[in-house]
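# Secondary and tertiary structure notes
These are the residues of each chain, in order.
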Amino acid sequence: MRLKSNIWVAAYLRRCQTEGVFGAVRRRGAEEAGAVFVKVSLLDGNAMLYTPAPQAVYDDGRPVDRFFVPVAPQPLPEHTIEERLTKEIRFDPDAWIVETEDRAGRHFLELARA
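The chain is annotated in an unreviewed UniProt entry as DUF1491 family protein of Bradyrhizobium zhanjiangense.

The next subject is unusual backbone geometry. A positive phi angle, close to 65°, is found at leucine 43, a residue other than glycine. As for its position among the elements, leucine 43 is in the loop between strand 2 (36-41) and strand 3 (46-52). Even without glycine at this site, phenylalanine 108 takes up a positive phi of about 60°. Here phenylalanine 108 shows up in the segment after strand 6 (96-101).

Our next topic: the side chain of histidine 107. Within the element layout of this structure, histidine 107 appears in the segment after strand 6. In terms of polar contacts, histidine 107 uses its side chain to reach the backbone amide nitrogen of leucine 109, at 3.0 Å. Each residue touching histidine 107, except ones within four places of it in the same chain, is listed here: Tyr12, Val40 and Tyr50.

Looking now at the packing of aromatic side chains. The full count for this structure, using the stated rule, is two aromatic pairs. Considering the side-chain rings of tryptophan 8 and tyrosine 12, the 5.1 Å spacing of their centres and the 5° angle between planes classify their relative orientation as stacked. One end of the pair is tryptophan 8 and the other is tyrosine 12, both in helix 1 (residues 5-18) and four residues apart, which spans about a single turn. Tyrosine 12 shares its class with tryptophan 8; the two are buried.

Now for the side chain of threonine 51. With respect to the secondary-structure elements, threonine 51 resides in strand 3. Discounting residues that sit within four places of it in the chain, threonine 51 has contacts with Phe37, Phe67, Phe68, Val69, Val71 and Arg84.

Counting 17 residues, the largest nonpolar core has Tyr12, Val36 and Val38 as the members making the most contacts within it. When residues of this core are traced back to their parent elements, those giving at least two are helix 1, strand 2, strand 3 and strand 6. The next biggest cluster of nonpolar side chains, apart from the first, holds eight residues, and it includes Phe37, Ala47, Ile89 and Ala95.

Take the pattern of salt bridges next. In the structure shown here, the tally under the stated rule is nine salt bridges. With a shortest N-O distance of 2.7 Å, glutamate 78 and lysine 39 are connected by a salt bridge. Remark: lysine 39 occurs in strand 2 and glutamate 78 occurs in helix 2 (residues 78-91); sequence separation between them is 39 residues. We classify lysine 39 as buried; its relative accessible area is 2%. Across the salt bridge formed by glutamate 82 and lysine 39, the nearest N and O atoms sit 2.6 Å from each other. A residue pair is termed long-range when its members are at least 10 positions apart, and glutamate 82 in helix 2 and lysine 39 in strand 2 qualify at 43 residues. Residues joined by salt bridges that share partners form a network here, namely Arg26, Lys39, Glu78, Glu82 and Glu99.

Basis of the calculations
Residues numbered from 1 in each chain as written. Predicted model: local features only at pLDDT ≥ 70, side-chain atom pairs only at ≥ 80, totals over all residues. Heavy atoms only, no water. Helix = DSSP H or I, 4+ residues; strand = E, 2+ residues; numbered from the N terminus. Polar contact = N/O pair within 3.5 Å; in protein donor to acceptor, adjacent residues only side chain to side chain. Contact = heavy atoms within 4.5 Å. Phe/Tyr/Trp six-rings, centres within 6.5 Å; stacked < 30°, edge-to-face > 60°. Buried < 20%, exposed > 50% of the residue type's maximum accessible area, 1.4 Å probe, protein only. Core = buried A, V, L, I, M, F, W, Y, C linked by side-chain atoms within 4.5 Å. Salt bridge = Lys/Arg side-chain N within 4 Å of Asp/Glu carboxyl O.

Given below as C-alpha cells:
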C-alpha cells in the first residue's frame, strides 16, 4: 500500500524547506491516491516537470515508493510546462501540482531508472 498523496506532498515540501528551496501546493488533488506532478521553476523563464513514473518501473517488493520521470531531458519554457499541466488536469482532475523554485534545479525526487 502506497503512502497517501497528501502525506507524501507534505513530507516532500518539508524536505524542500530543509534544503532551503521554496515549494508550495498549487493544486490539491485526491488526498488518497491523486497523481503528483512536480514543477521546478529555475527562475529564468524555464522549468522542469516531473511526472509519475509508469507502473512498470515499480518493484513488487517496494510498492510504497514513488518514482518520477522528467518530461524532457532539458528545461523547457514555463509556458510549455503550463500547457502540459493544463492537459494533465483535464485528463485527471484528481492530480496534484507541486511547484518549487530553485535556480540549480534541485528536485529531491526519486527518479525511475531508464
